Amino acid sequence: MTHIPRIGIGGPVGSGKSMLIERLVPMLAEKGYSVSIISNDVISKEDADRMRSNLATNRGLLPENLVIGLATGGCPHTAVREDPSMNLSVIEEMESKHPDLDLIIIESGGDNITTTFSPILADYFIYIIDVAGGDKYPRKGGLGIESCDLLVINKIDLAAMVGADLEIMKKDAEKIRNEKPFELINCKTDEGVMKVTEHIIHNVLLDSAPKSAITQKV
Amino acid sequence: MYMNIDEIEQDLGVMQLSDSFFPTGIFATSNGLEFLFTEKKIQGMTDLIGMIRINITQQIGPSDCVALGNVFDSASKHDFDKVIEADSIVFATKPIKEIRDASVRSGVQLIKCVTEFVKDDKILNQYQKHIIKNKVHGIFPVAFAICCNALKIKKEKSMMMMLYGFTVGIVGAALRLGLIQHFEGQKSIHSIKPIISQAIKEFSNKSLLEMWQFAPQMDIIQMSHEKMDSKMFIT
């Protein structure tokens, strides 16, 4: 079976996981990449329904059936880390039915700073936090912040309003991440989101052309 | 009397497959409990025990346990045709799509996991190949019987493990929903023990043709869960 590259996106409730996906998918689609989304929700299908409506129904960037909502039994971290069986099962179905996909994005349910993805589930792990949690957030660390492949700090437009110093956040992120990358973004305006897209294309898709482009050439 | 090495290894297999840490995705299922809770149709430990009792005596006892027993016997005799037959029949006894899909997903993942560390069991390997080729469903009780047989666990113990795992799954869901507290969880499991033993006694030696399940109210509850907009659990 074809292995389709997978990114896991984790982070606290309200940090902007779904919004980041809603911004990334159009950028990836613009470059010709075909993406599907699995949204692990803690309590509802709202995120999956909203992404399906915004990205598939309204904009036609992907088929509606490629946005899948998954319930996690109140244990969002278990579903992506200790027991990713249900996510793997859905991915295997996707890999079998849609081998032409370039990328699968798995959104974890909102969780705490210890979230990580099982390496069998995600090839690349993005952890997202936002400035509203305070500028201490990167400094406090936690498995998610420290071990992810890319740390994203969202809602930088709110920094002044919540008294968060972005320079402190940058310095602490550099220190705690030990040279691993991080990006400061604002999903409302797309500021910095292209850089996240570039990380994905370079590190996950290995700068390869979209499968559809390769097929057309052949 | 001391246990010999084989007995110790078999019991370790029992503990490994029964552990809620074992990855089959069952932690995300409530078998309709979430719907009852949301609709305020279940209150506390007594109702919870009643629900589990109905599930065991009317649903998974006469269907999943019978399938498990038959597959276990067939696997021991290397009769793979009977395994395929059981897979097909038990799949057909699950009228609720959400429950059926969850059972298949858990079964397939169970087989995938066990084949990572058991390499020399012919029936297990055959069943996995058939799953990959979409020739069988990979439904949970069949997968569970094959894995238990591969780990040399006895039939009755396998049935006990499946029913215990099912019970713990629902009790865990009740705890996370806030329906009961942790001591009540353990009291509930303790109260279910005679129901589990009775089910093993009653269903361990039935033929595939004697398989049934009849719990229309549970079916409706589980169907209603499928339609819920906001939910924590897969079933």
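Located above this text is the structure these notes cover.
Note that the coordinates shown come from a computational prediction; the quantities given were computed from them, not determined experimentally. (Residues numbered from 1 in each chain as written. Chains lettered and ligands numbered in written order. Predicted model: local features only at pLDDT ≥ 70, side-chain atom pairs only at ≥ 80, totals over all residues.)

Caption draft 1: Here's a closer look at the overall build of chain A. Helix and strand counts for chain A stand at 10 helices and 7 strands. Principal axes of the C-alpha set define a box for chain A whose edges measure 50 × 40 × 35 Å. Out of the 218 residues belonging to chain A, those deemed buried represent 50%. (Helix = DSSP H or I, 4+ residues; strand = E, 2+ residues; numbered from the N terminus. Buried ≥ 20, exposed ≤ 12 C-beta atoms within 10 Å, placed from the backbone.)

Caption draft 2: Region of interest: the overall build of chain B. Across its full length, chain B holds 10 helices and 0 strands. Along the chain direction, N to C, the helices and strands of chain B fall in the order α-α-α-α-α-α-α-α-α-α. Its C-alpha radius of gyration of 17 Å places chain B within 12% of the 18 Å reference for a compact globule of 235 residues. For chain B, restricting intrachain contacts to residue pairs at least 6 apart in sequence, the fraction spanning at least 24 positions comes to 81%. (Rg over C-alpha atoms; globule rule 2.2 N^0.38 Å. Contact = placed C-beta atoms within 7 Å.)

Caption draft 3: Looking closely at the interface of chain A and chain B. Across the boundary between the two partners, chain A contributes 17 residues, which contact 19 residues of chain B. Contributing elements (two or more residues each) for the side of chain A that touches chain B: α3 (76-80) and α4 (85-97) of chain A. Element by element, the count of residues in the side of chain A that touches chain B is highest for α4(A), at 4 residues. Residues that form the side of chain A that touches chain B fall into these classes: 7 nonpolar, 7 polar and 3 charged. (Nonpolar A, V, L, I, M, F, W, Y, C, P; charged D, E, K, R; others polar.)

Caption draft 4: The arrangement of the packing of helix α3 (residues 44-76) of chain B against helix α9 (residues 182-203) of chain B in detail. Residue and element names in this part refer to chain B. As a packed pair, α3 and α9 sit with axes 9 Å apart at the nearest point and diverge in direction by 30 degrees. Relative to α9, the element α3 is oriented roughly parallel. For the crossing formed where α3 meets α9, the hand is right-handed. Taken together, the residues of α9 that come into contact with α3 (itself represented by Met 45, Leu 48, Ile 49, Ile 52, Arg 53, Ile 56, Thr 57, Gly 61, Pro 62, Cys 65, Val 66 and Gly 69) are Glu 184, Lys 187, Ser 188, Ser 191, Ile 192, Ile 195, Ile 196, Ala 199, Glu 202 and Phe 203. Grouping the amino acids of the contact of α3 with α9 by side-chain chemistry returns 13 nonpolar, 5 polar and 4 charged. (Axes fitted to C-alpha atoms, helices over the stretch in contact; angles between N-to-C directions. Parallel < 35°, antiparallel > 145°, perpendicular 65-115°, else oblique. Left-handed = near helix turned anticlockwise from the far one by under 90°.)

Caption draft 5: Looking closely at the nonpolar core. Counting residues in each nonpolar core, the largest one holds 134 residues, and the members touching the most others are Val71(B), Val142(B), Ile146(B) and Cys147(B). Sequence-distant contacts of Ile146(B), defined by excluding residues within four places in its chain, comprise Val71(B), Ala75(B), Ile123(B), Leu124(B) and Tyr127(B). (Core = buried A, V, L, I, M, F, W, Y, C linked by C-beta atoms within 7 Å.)

Caption draft 6: The arrangement of the sheet that holds strand β2 (residues 35-41) of chain A in detail. All names here are of chain A. Reading across from one edge, β3-β2-β4-β1-β5-β6-β7 is the order of the 7 strands in this open sheet, with parallel pairing throughout. Bordering the open sheet on either side are β3 (67-71) and β7 (182-184), each of which pairs with just one other strand. Within the sheet, the average angular offset between the axes of one strand and its neighbour, ignoring direction, is 20 degrees. Pairing of β2 with β3, which is carried by 5 bridges, proceeds in the parallel orientation. By the bridge assignment for β3, Ile 37 is matched with Val 67. Together, β6 (150-154) and β7 form the strand contacts of helix α8 (residues 166-177), whose direction differs from that of β6 by roughly 165 degrees. (Pairing = 2+ DSSP bridges.)

Caption draft 7: Here's a closer look at the pairing of strand β1 (residues 6-10) of chain A. Residue and element names in this part refer to chain A. Here β1 lies mainly inside the structure; 5 of its 5 residues are buried. The two faces of β1 match: Arg 6, Gly 8 and Gly 10 on one face and Ile 7 and Ile 9 on the other face are all buried. The pairing of β1 with strand β4 (residues 103-107) spans 4 bridges and is parallel. Among the inter-strand pairings, Ile 7 is bridged to a residue of β4, identified as Ile 105. Here 4 bridges tie β1 to strand β5 (residues 124-130), and the two strands are oriented parallel to one another. Residue Gly 8 lies in a different strand from β5, and its bridge partner there is Phe 125.

Caption draft 8: A look at helix α4 (residues 80-92) of chain B. Residues and elements named next belong to chain B. For α4, spanning 13 residues, the distance from its first C-alpha to its last is 19 Å, which sits close to the expected 18 Å at 1.5 Å a residue. Residues of α4 that are buried: Val 83, Ala 86, Asp 87 and Val 90. The arc that holds the buried residues of α4, viewed along the axis, is 105 degrees, so those residues lie on one side. On its buried side, α4 packs onto α3, α6 (122-132) and α7 (140-150). (Expected span 1.5 Å × (residues − 1). Arc of directions from axis to C-beta.)

Caption draft 9: Fine view of the packing of helix α5 (residues 97-117) of chain B against α7(B). Residue and element names in this part refer to chain B. The N-to-C vectors of α5 and α7 enclose an angle of 20 degrees; their axes lie 7 Å apart at closest approach. The orientation of α5 with respect to α7, classified from their angle, is roughly parallel. Once α5 is placed against α7, the crossing between them reads as left-handed. On the side of α5, the interface is formed by Ser 103, Ser 106, Gly 107, Leu 110, Ile 111 and Val 114, while α7 contributes Phe 140, Val 142, Ala 143, Phe 144, Cys 147 and Ala 150. Here the residues of the contact of α5 with α7 are counted per class, giving 9 nonpolar, 3 polar and no charged.

Caption draft 10: Representation of unusual backbone geometry in the model. Residues and elements named next belong to chain A. A positive phi angle is found at Glu 179, which is not glycine, with a value near 75 degrees. Here Glu 179 is to be found in the loop between α8 and β7. Look at Glu 179 and you get exposed, because 6 C-beta atoms sit within 10 Å. Phi at Asp 207 takes a positive value of approximately 60 degrees, unusual for a residue other than glycine.

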